[in-house]
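Here are the chains, one letter per residue:
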Amino acid sequence: MTRVAVVGGGVSGLACAHRLRTLLGPAAEIVVLEQRDRLGGVLRTIDLAGAPFDVGAEAFLVRRPEVPALLAEIGLADALTHPTAATATIRAGGRTVGLPRGTLMGVPGRDADLGGVLSDAGRAAVAAEPSTPLDWDPGTDVALGALLRRRFGPEVVDRIADPLLGGVYAGRVDRLGLRATVPALAAALDAGAGSLTEAASTGMAGSGQRAGTLAAGTPAAGSSVAGSSVAGHGVSAAEPSAVPQPVAVGPVFGAVRGGYREVIAALVAASGARVRTGVTVRELHRRPDGWRLVLGPVPQPEALDVDAVVLAVPAPAARRLLEPVAPAAAAAAGRIELASSAVVALAFRAADVAGMPGTSGCLVAADEPLSVKGVTHASTKWAHLGEDGLVRLRASIGRFGEEASLQVDDAELVARVRADLAVLDGVDAVPVASFVQRWGGGLPQYGVGHGAVVDTLESAVAAVGGLEVAGSMLHGVGVPACVATARAAAERLAPALLAAPTGR
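Keep in mind that this is a model prediction, so the values were computed, not measured.

**Q** Could you clarify how one ought to interpret the overall build of the protein in this entry?
**A** When you go through the protein residue by residue, the secondary structure sums to 16 helices and 22 strands. For 504 residues, the compact-globule formula gives about 23 Å, and the C-alpha radius of gyration of the protein, at 22 Å, lands near that figure. In the protein, buried positions account for 60% of the 504 residues. Taking as baseline every contact in the protein between residues at least 6 positions apart, the subset at least 24 positions apart corresponds to 74%. Summed over all atoms, the accessible surface of the protein reaches about 18000 Å², with 53% contributed by carbon and sulfur. The average position of the 44 basic charges and that of the 48 acidic charges among the side chains of the protein differ by 3 Å.

This is the structure we're talking about:
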């Protein structure tokens, strides 16, 4: 009997287990090993004042096919829901204004509307950019923040690009690589665009974006942290590293009524996998006829022999397990840094927050004197989250390099969020429920040269045989990208497993 171990019980690992079941059939034994005491990884649904509420990723881009297809396969197509028409705002220069339109992930195009976000000097710098000579070496990768500062000045970075991309990666745009985070911009520059303004316009046109803020055809309504995510954990709603999809009619974003826990539970059931939580995989060894995983505590180790292994774990865990079997892959994984953040979820009586803006939420510019990086008015954005008359929202705190800001107790994080809500939303009411979710090392940072790092990692793993990797450290941090890597890993493993005799 074929036996496969999937290390990691997040959405990548469970989607891989599900795909393996489809390909290998009912006789195969699929074992999912998860170190935590729960499944889902950085997807988590809690009960907030009696309603399911996501405190990790909350949405995904429906114009990528992976998640809608997966929902159909696991019987959740009818649970798909879409956001309301509420639009997002940004806090910049001490004012809250509409999220600027006509930018590619914060990079202004020819028709960018930056009024109210940038100062007169900032808008003048943007206007002058197309006439400034551009020296670009096709194929190169650079830190996006440095490039934008050099071309547009600091305000575009601090007030637009950094809040947008900080919401995706829980990182700083000065450390993020251009090619992995805004590939459409890099492609336009490689093709000969004479300025960043021209490159952004070309990238938006190529992805079908006519007026919005994000890439891949997404409009300003519902975009960004405020509209789709918090601190990177909703990046699936607007995956900037995704290949631009053809323009389509219909909603851009989707979520699952009942929360992502419905997806996790359905994947477990459909995969038929033997799931073990609270289990640490300490070692991975090659055997003549497969693999041996060493599990459990050091004093009482357990050996698990399998025919193939999928590592769907964060970069540090991948590095540790790959070191003895694929050292080049381990070294590559070791170059991927992680960011920590927290999500604070609050629920209020509607009468107590009657003056709250009717927007989907607010991004916060990097130079604002506030603790939160973004706020999502969840029950305004998602109608089903307010059906019981309560108002629910979520806010993000922390990003890469700001771990010290999270080293306080939960009550202090809630207090900081409430203080900022008074500024942003005019809300000073006492919530009827609160929840703090800390994401230590939750989001990989796609730095300069990330694509080359991933190429090295995947090539080294492919040379081993019977071993695959999947997850957010590879080709996108959103749920669609994670599902794509999971399915691809399963599809690479299955042919050899089906063809080979088993037996350990």
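**Q** For this particular structure, what's the right way to read the side chain of Ser 12?
**A** Secondary-structure assignment places Ser 12 in helix 1 (residues 11-24). Classification of Ser 12 as buried rests on a relative accessible area of 8%. Excluding anything up to four places from it in sequence, Ser 12 contacts Ala 312, Gly 471, Ser 472, Cys 482 and Ala 486.

**Q** What exactly am I supposed to notice about the nonpolar core here?
**A** Where a protein is soluble and globular, its nonpolar side chains tend to be buried together. Among the nonpolar cores identified, the biggest contains 48 residues, and Leu 144, Leu 148, Leu 165, Leu 178, Val 182, Leu 185 and Leu 189 are the most heavily contacted of them. Those elements giving two or more residues to this core turn out to be strand 7 (88-92), helix 4 (144-152), helix 5 (154-169), helix 6 (178-181), helix 7 (183-190) and helix 8 (196-207). Counting residues per element, this core draws most heavily on helix 5, which supplies 8 residues. Not counting residues within four places of it along the chain, the set of residues in contact with Val 182 comprises Leu 104, Met 105, Leu 144 and Leu 165. Counting 42 residues, the second largest nonpolar core, distinct from the first, contains Val 6, Val 32, Tyr 260 and Ala 489.

**Q** It is not clear to me how the pattern of salt bridges should be interpreted in this structure. Could you clarify?
**A** Side chains that differ in sign of charge can pair as their charged atoms come close. For the structure on display, the rule yields 30 salt bridges. As a salt-bridge pair, Arg 159 and Glu 155 come within 4.0 Å of each other at their nearest N and O atoms. With Arg 159 and Glu 155 both in helix 5 and 4 residues apart, this pair spans about one turn of that helix. In terms of burial, Arg 159 and Glu 155 fall into one category: buried. A salt bridge links Arg 287 to Asp 289, with the nearest nitrogen and oxygen atoms 2.8 Å apart.

**Q** Is there a simple way to think about the packing of aromatic side chains in this case?
**A** Working definition: an aromatic ring pair is given by the centre-to-centre distance plus the angle between the planes. One pass over the structure, following the stated rule, counts 1 aromatic pair. Relative to Tyr 446, the ring of Tyr 169 has its centre 5.3 Å away and its plane inclined at 45 degrees; by these criteria the two rings are tilted. Of this pair, Tyr 169 sits in helix 5 while Tyr 446 sits in the loop between strand 21 (433-444) and helix 15 (450-462), placing them 277 residues apart in sequence. The same class applies to Tyr 169 and to Tyr 446, which are both buried.

**Q** Would you mind going over helix 14 (residues 410-424) with me for this structure?
**A** Along its 15 residues, helix 14 runs 21 Å from first to last C-alpha, staying within 8% of the 21 Å computed at 1.5 Å per residue. Those residues of helix 14 not exposed but buried are Leu 413, Val 414, Val 417, Asp 420, Leu 421 and Leu 424. Around the axis of helix 14, the buried residues are gathered within 130 degrees of arc, so they sit on the same side. Downstream of helix 14 by a residue or two, Gly 426 has a phi angle that is positive, lying close to 70 degrees.

**Q** Teacher, can you tell me more about the confidence of the model for the protein here?
**A** Regions with low pLDDT carry predicted coordinates that are not meant to be interpreted in detail. The predicted model of the protein has a mean per-residue pLDDT of 90, with 91% of residues at 70 or higher. This stretch, residues 214-238, has a pLDDT under 50; its non-local contacts, to residues over four places away or in other chains, come to 130 contacts. Note on residues 240-247: pLDDT is under 50 here. Beyond four places in sequence and across chains, it has 23 contacts.

**Q** Is there a simple way to think about the environment of Gly 440 in this case?
**A** With respect to the secondary-structure elements, Gly 440 resides in strand 21. Classification of Gly 440 by relative accessible area gives exposed; the value is 64%. Note: C-alpha distance between Gly 440 and Ser 340 (100 residues apart in sequence) is 4.5 Å.

**Q** Is there a simple way to explain the environment of Val 408 in this structure?
**A** On the secondary structure map, Val 408 appears in the loop between strand 20 (390-397) and helix 14. The spatial distance from the C-alpha of Val 408 to the C-alpha of Arg 282 is 31 Å, given a sequence separation of 126 residues. Sequence-distant contacts of Val 408, defined by excluding residues within four places in its chain, comprise Leu 413, Arg 416 and Arg 438.

**Q** Hey, could you run me through the pairing of strand 17 (residues 338-349) in this one?
**A** In summary, the side chains of a regular strand alternate between the two faces of the sheet. Counting buried residues in strand 17 gives 10 out of 12 residues, a clear majority hidden from the surface. Across 9 bridges, strand 17 lies against strand 21 in antiparallel orientation. Bridging across to strand 21, Ala 342 finds its partner in Arg 438. The pairing of strand 17 with strand 20 spans 8 bridges and is antiparallel.

**Q** Help me out: how do you make sense of the side chain of Arg 159 in this one?
**A** Given a relative accessible area of 14%, Arg 159 falls into the buried group. Excluding residues within four positions of it along the chain, Arg 159 makes contact with Ile 90, Ala 92, Gly 93, Val 117, Leu 118, Ser 119, Ala 365 and Asp 367.

Thresholds, definitions, all that
- Residues numbered from 1 in each chain as written.
- Predicted model: local features only at pLDDT ≥ 70, side-chain atom pairs only at ≥ 80, totals over all residues.
- Heavy atoms only, no water.
- Helix = DSSP H or I, 4+ residues; strand = E, 2+ residues; numbered from the N terminus.
- Rg over C-alpha atoms; globule rule 2.2 N^0.38 Å.
- Buried < 20%, exposed > 50% of the residue type's maximum accessible area, 1.4 Å probe, protein only.
- Contact = heavy atoms within 4.5 Å.
- Areas by Shrake-Rupley, 256 points an atom, 1.4 Å probe, with all protein chains shown as cover.
- Lys, Arg positive; Asp, Glu negative; His and termini not counted.
- Charge placed at Lys NZ, Arg CZ, Asp CG, Glu CD.
- Core = buried A, V, L, I, M, F, W, Y, C linked by side-chain atoms within 4.5 Å.
- Salt bridge = Lys/Arg side-chain N within 4 Å of Asp/Glu carboxyl O.
- Phe/Tyr/Trp six-rings, centres within 6.5 Å; stacked < 30°, edge-to-face > 60°.
- Expected span 1.5 Å × (residues − 1).
- Arc of directions from axis to C-beta.
- pLDDT = per-residue confidence, 0-100.
- Pairing = 2+ DSSP bridges.

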